[in-house]
Amino acid sequence: MTTMQPAPEKFGDIITPFYYYDLNTLRATLDTLKKESESSGYKVHYAVKSNYNPRILQTISTYGFGADCVSGNEIAAAIKAGFKPSETVFAGVGKTDREIEAALAADISCFNCESIPEIEVIDSLAARLNKTARIALRINPHVEAHTHKYITTAVEESKFGINTWELDSVVSKLGELENVKLTGIHFHIGSQITMMSVFKNLCTKLNDIQKWFSSKGIFIETVNVGGGLGIDYDDPSKPPPFEEYFALFRKHTELLPGQTLHMEPGRSVTGQCGSLISRTVFIKNGKTTRFAIIDAGMTDLIRPALYQARHKIENLSSSGGKTCQYDVVGPVCESSDTFAQSVELPETQRGDFIAIRSAGAYGEAMASRYNLRNIPASYFSDDF
Ligand code: LLP
């Protein structure tokens, strides 16, 4: 899988910055995901939050995957793009009444619930609409994800999930409620996880929690292991390690007869197919630092500023010859608007096209209008 960047001559006078998506890379990723999930008998719900560009959503929906959504707007966008409501799940710690009502009306497949107050509200809204809401309990399994702290979710006193010691009271509460039906358990321990042993630890916890439910005589139809599989930001041409990931779950989960395992990958699906393409505005020389000031900023791709994330940077207009070290920075009035420090690039000039790679996940989806900047447009490989 090699994500092709078009030759810069093809960009003509397209306004930069923009997102460029290589559909061949996306399809190759989806082909592997489909093959692995089908042969394992697992159901994939794509995490819409990683990229909700309509064309990306449509492409993914044609593979027959479900959708994992975290807002009413994501549910609407997923259904519009062709995902079936019966294969759409709704997660999130702060679902509003309006969002819950809309999801009930759309008859989505499951609410992933994070607290007793939330379950009570879903029950009462379902009762009002004369419906039964299928729910899964998002359980905090307390597994260290070994990733950035902002994208670690299964720590103690996390806002996410129900603690295992609360399960008794949740189960007895469920016994009192008539308009919710427990169908699943759900876990998500963090994102950009690259140590496979983390997922093995999740399996161990999941198996224990399963036994707890069995001991109570409660049958759980679906076991959802969330998302989190990391990608290689140093090598954008490297596909996510789906084979190893699926094999790990096949080996280490003890599913009961009639149970289905669900997964919610986001980054691993969309990450490597997207690049943020920008033009160099100025080269500015400091005492020791050479700044390449580009027209993309943290408003277009916030990951470096927010998580100190490293994305590979390429100069598409010049290759070979002399190289120099640059701090590649954006135009936004914040020092954190820095994409990389001391990165080795071919000698770069005003006007050169710069690609920031592996930006398909949580790139366009997290764009903002700070400094009243434009939201970047998106183009696809078949536009060129
Ligand atoms: N399921 C749940 C419940 C989640 O919260 C998430 C991501 C996923 C699935 C998908 O996880 P993935 O496969 O993409 O790791 N903005 C951050 C990432 C935030 C992830 C939030 N939850 C970043 O740019 O690194």
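Residues numbered from 1 in each chain as written. Predicted model: local features only at pLDDT ≥ 70, side-chain atom pairs only at ≥ 80, totals over all residues. Heavy atoms only, no water.

*Asks:* Give me the overall build of the chain: which residues, what numbers.
*Replies:* Each helix and strand in the chain was counted, giving 10 helices and 17 strands. Scaling as 2.2 N^0.38, a compact globule of 384 residues should have a C-alpha radius of gyration of about 21 Å, and the chain matches this with 22 Å. If one aligns the C-alpha atoms of the chain with their principal axes, the spans along those axes are about 70 × 40 × 35 Å. In the chain, buried positions account for 55% of the 384 residues. A sequence separation of at least 24 residues applies to 72% of the contacts in the chain between residues at least 6 apart. As presented, the chain carries roughly 16700 Å² of accessible surface, and 50% of it is formed by carbon and sulfur atoms. Charge separation in the chain, taken as the distance between the mean sites of 39 positive and 45 negative side-chain charges, equals 2 Å. (Helix = DSSP H or I, 4+ residues; strand = E, 2+ residues; numbered from the N terminus. Rg over C-alpha atoms; globule rule 2.2 N^0.38 Å. Buried < 20%, exposed > 50% of the residue type's maximum accessible area, 1.4 Å probe, protein only. Contact = heavy atoms within 4.5 Å. Areas by Shrake-Rupley, 256 points an atom, 1.4 Å probe, with all protein chains shown as cover. Lys, Arg positive; Asp, Glu negative; His and termini not counted. Charge placed at Lys NZ, Arg CZ, Asp CG, Glu CD.)

*Asks:* Residue-level account of the site of the ligand, with values.
*Replies:* Taken together, 19 residues form the shell around the ligand, and within it Ser 191, Glu 264, Arg 303, Tyr 307 and Tyr 362 come nearest. Between the ligand and the protein, one listed contact pairs an oxygen atom with a side-chain N or O atom of Lys 49 at 3.4 Å. At 2.7 Å, a side-chain N or O of Glu 264 approaches a nitrogen atom of the ligand. Considering the ligand on its own, with 590 Å² of exposed area, one finds that the protein chains cover 92% of that surface. (Near = heavy atom within 4 Å. Polar contact = N/O pair within 3.5 Å; in protein donor to acceptor, adjacent residues only side chain to side chain.)

*Asks:* Any chance you could break down the side chain of Asn 315 for me, citing the residues and the numbers?
*Replies:* Along the chain, Asn 315 falls in strand E13 (residues 313-315). For Asn 315, a relative accessible area of 8% corresponds to the buried category. Within the local environment of Asn 315, its side chain forms a polar contact with the backbone nitrogen of Ser 318, the two atoms lying 3.1 Å apart. For Asn 315, the side chain forms a polar contact with the side chain of Thr 348, separated by 3.1 Å.

*Asks:* Explain the pairing of strand E10 (residues 260-263) to me, using residue names and the numbers behind them.
*Replies:* Bridging between strand E2 (residues 43-47) and E10 involves two bridges; their strand directions are parallel. Along E10, the bridge assignment pairs Lys 43 with His 262. By the bridge criterion, three bridges tie strand E9 (residues 222-224) to E10 in an arrangement that is parallel. Among the inter-strand pairings, Asn 224 is bridged to a residue of E10, identified as His 262. Chirality of the crossover, the property in question, places the unit of E9, helix H8 (residues 242-252) and E10 among those that are right-handed. (Pairing = 2+ DSSP bridges. Right-handed = clockwise from strand over helix to strand, strands pointing away.)

*Asks:* Residues and numbers for the packing of aromatic side chains, please.
*Replies:* Two measures describe an aromatic ring pair: the distance that separates the ring centres and the angle between the ring planes. With the rule as written, the count across this model stands at 17 aromatic pairs. When the centroid spacing of 5.2 Å and the interplanar angle of 80° are considered together, the rings of Phe 11 and Phe 18 count as edge-to-face. Just as Phe 11 is buried, Phe 18 falls in that class too. Relative to Phe 246, the ring of Phe 242 has its centre 6.4 Å away and its plane inclined at 70°; by these criteria the two rings are edge-to-face. One end of the pair is Phe 242 and the other is Phe 246, both in helix H8 and four residues apart, which spans about a single turn. Here Phe 242 and Phe 246 have matching classes, each one buried. By way of ring pairs, the aromatic residues Phe 11, Phe 18, Tyr 20, Phe 353, Tyr 379 and Phe 384 are connected into one cluster. Sitting above the plane of the Phe 380 ring, Arg 55 keeps its charged end 5.0 Å from the centroid. Cation over ring: Lys 95 sits above Phe 90, and NZ or CZ is 5.5 Å from the ring centre. (Phe/Tyr/Trp six-rings, centres within 6.5 Å; stacked < 30°, edge-to-face > 60°. Lys NZ or Arg CZ within 6 Å of the ring centre and 35° of its normal.)

*Asks:* Now, about the pattern of salt bridges: what can you tell me, with residues and values included?
*Replies:* Counting across every chain of the model gives 20 salt bridges. Residues Asp 234 and Arg 310 are paired through a salt bridge, measuring 3.0 Å at the closest nitrogen-oxygen approach. Of this pair, Asp 234 sits in the loop between E9 and H8 while Arg 310 sits in the loop between helix H10 (303-307) and E13, and the two are 76 residues apart along the sequence. With a closest N to O distance of 3.8 Å, Glu 314 and Lys 312 form a salt bridge. In the salt-bridge network here, residues are joined through shared partners; they are Glu 120, Lys 173 and Glu 176. (Salt bridge = Lys/Arg side-chain N within 4 Å of Asp/Glu carboxyl O.)

*Asks:* For the state of the cysteines, give the residues involved together with the corresponding values.
*Replies:* Tallied over the full model, the rule gives zero disulfides. No disulfide involves Cys 113; its nearest neighbouring cysteine sulfur is the one of Cys 110, lying 7.2 Å away. Relative accessible area serves as the criterion here: at 0%, Cys 113 is assigned to the buried category. For the unlinked cysteine Cys 203, the closest cysteine sulfur is that of Cys 110, found at 20 Å. (Disulfide = S-S within 2.5 Å.)

*Asks:* For the environment of Gly 72, give the residues involved together with the corresponding values.
*Replies:* Tracing the sequence through the fold places Gly 72 in helix H3 (residues 72-80). In this structure the C-alpha to C-alpha distance between Gly 72 and Phe 384, which are 312 residues apart in sequence, comes to 34 Å. Contacts of Gly 72, omitting those with residues within four sequence positions, involve Phe 90 and Glu 99.

*Asks:* Give me the lowdown on the nonpolar core, citing residues and values where you can.
*Replies:* With 88 residues, the main nonpolar core has Phe 111, Ile 119, Ile 135, Leu 137, Phe 213, Phe 249 and Val 328 as its most contacted residues. A per-element tally of this core places helix H7 (residues 196-215) first, with eight residues. Here Leu 137 is in contact with Cys 113, Ile 119, Ile 162, Leu 167, Val 170, Leu 182, Gly 184, Ile 185, His 186 and Phe 213, once residues within four sequence places are set aside. Core analysis: the next-biggest nonpolar cluster, separate from the first, contains eight residues, Phe 11, Phe 18, Tyr 20 and Ala 355 among them. (Core = buried A, V, L, I, M, F, W, Y, C linked by side-chain atoms within 4.5 Å.)

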